[in-house]
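Working through the structure, step by step
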Amino acid sequence: MSNDPPGFELPLRLFLGFRTLIDALHAELARQGHPDMRPMHGFVMQAIGVDGTTAVELGRTLGVSKQAAGKTVETLERLGYVERARDPRDTRRKIVRLAPHGLDALARSARIFDELRAGWAATLGEDRLRALEADLRQVTPHDAFRLDIPGWFG
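For the structure given in this document, a descriptive report is provided here.

What counts, and where the lines are drawn
Residues numbered from 1 in each chain as written. Predicted model: local features only at pLDDT ≥ 70, side-chain atom pairs only at ≥ 80, totals over all residues. Heavy atoms only, no water. Patch = residues over 30% accessible without salt bridge, like charges linked within 9 Å, V, L, I, M, F, W, Y side chains within 5 Å. Areas by Shrake-Rupley, 256 points an atom, 1.4 Å probe, with all protein chains shown as cover. Salt bridge = Lys/Arg side-chain N within 4 Å of Asp/Glu carboxyl O. Helix = DSSP H or I, 4+ residues; strand = E, 2+ residues; numbered from the N terminus. Buried < 20%, exposed > 50% of the residue type's maximum accessible area, 1.4 Å probe, protein only. Contact = heavy atoms within 4.5 Å. Axes fitted to C-alpha atoms, helices over the stretch in contact; angles between N-to-C directions. Parallel < 35°, antiparallel > 145°, perpendicular 65-115°, else oblique. Nonpolar A, V, L, I, M, F, W, Y, C, P; charged D, E, K, R; others polar.

What to know about a nonpolar patch on the surface
Taken together, Leu10, Leu14, Leu124, Leu132, Leu136 and Val139 make up a surface patch of nonpolar side chains, about 520 Å² in accessible area. For the nonpolar patch, the secondary structure elements donating two or more residues are helix 1 (9–31) and helix 6 (126–139). Tallying contributions element by element places helix 6 first for the nonpolar patch, with three residues. Its relative accessible area of 33% is what places Leu124 among the partly exposed residues.

A closer look at helix 2 (residues 39–48)
Within helix 2, seven of the 10 residues are buried, which leaves it mostly tucked inside the rest of the structure. Listing the buried residues of helix 2 in full gives His41, Gly42, Phe43, Val44, Met45, Ala47 and Ile48. Positive backbone phi, at 70°, marks Gly49, one or two positions downstream of helix 2.

Observations concerning the side chain of Thr54
Residue position: Thr54 is located in the loop between helix 2 and helix 3 (55–62). Once residues within four sequence positions are removed from consideration, Thr54 is found in contact with Arg93, Lys94 and Ile95.

Details of the packing of helix 3 against helix 4 (residues 66–78)
Where helix 3 contacts helix 4, the two axes come as close as 8 Å, and the packing angle between them is 105°. If you check the angle between helix 3 and helix 4, you find them roughly perpendicular. Judged by residue contacts, Ala55, Val56, Leu58 and Gly59 of helix 3 engage Lys66, Ala69 and Val73 from helix 4. Split into classes, the residues belonging to the contact of helix 3 with helix 4 amount to five nonpolar, one polar and one charged.

Some thoughts on the side chain of Ser109
Here Ser109 lies in helix 5 (residues 100–124). Looking at Ser109, the relative accessible area reads 8%, which means it is buried. Sequence-distant contacts of Ser109, defined by excluding residues within four places in its chain, comprise Leu25 and Leu29.

None of the figures reported here should be taken as evidence of function without further support.
Below you can see the structure in the form of structure tokens.
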């Protein structure tokens, strides 16, 4: 009889670790003036990026339809996180770009993630956390981070 945990526990523990960090992030973002931010909003705002994007490109990046991307953009626009503007490179196109409120949320998120990581380092030890991060890098794709979580769960 093996003492190894069942195989299904690994993805669940990885997901629980993810949820623990994301839930703590959003609780702190709410305390810092961003109570309407949702986990999907962060993926969308990362996909929009500093240069902005079109709804079609956003949908493709997120793995959702143009309509689904448009609905999320409408929500983020209503909340003040993004704005629509004419593309300076092609005035026939509209782009979605991060508004100052959205940039603030992303900057705060980066600082909060650093604080959360420090908390994990205090609990596990810096060496063990670095080893965990290195191990995860070894078993996950090395290319760019995927932002198509909404489409993947869809």
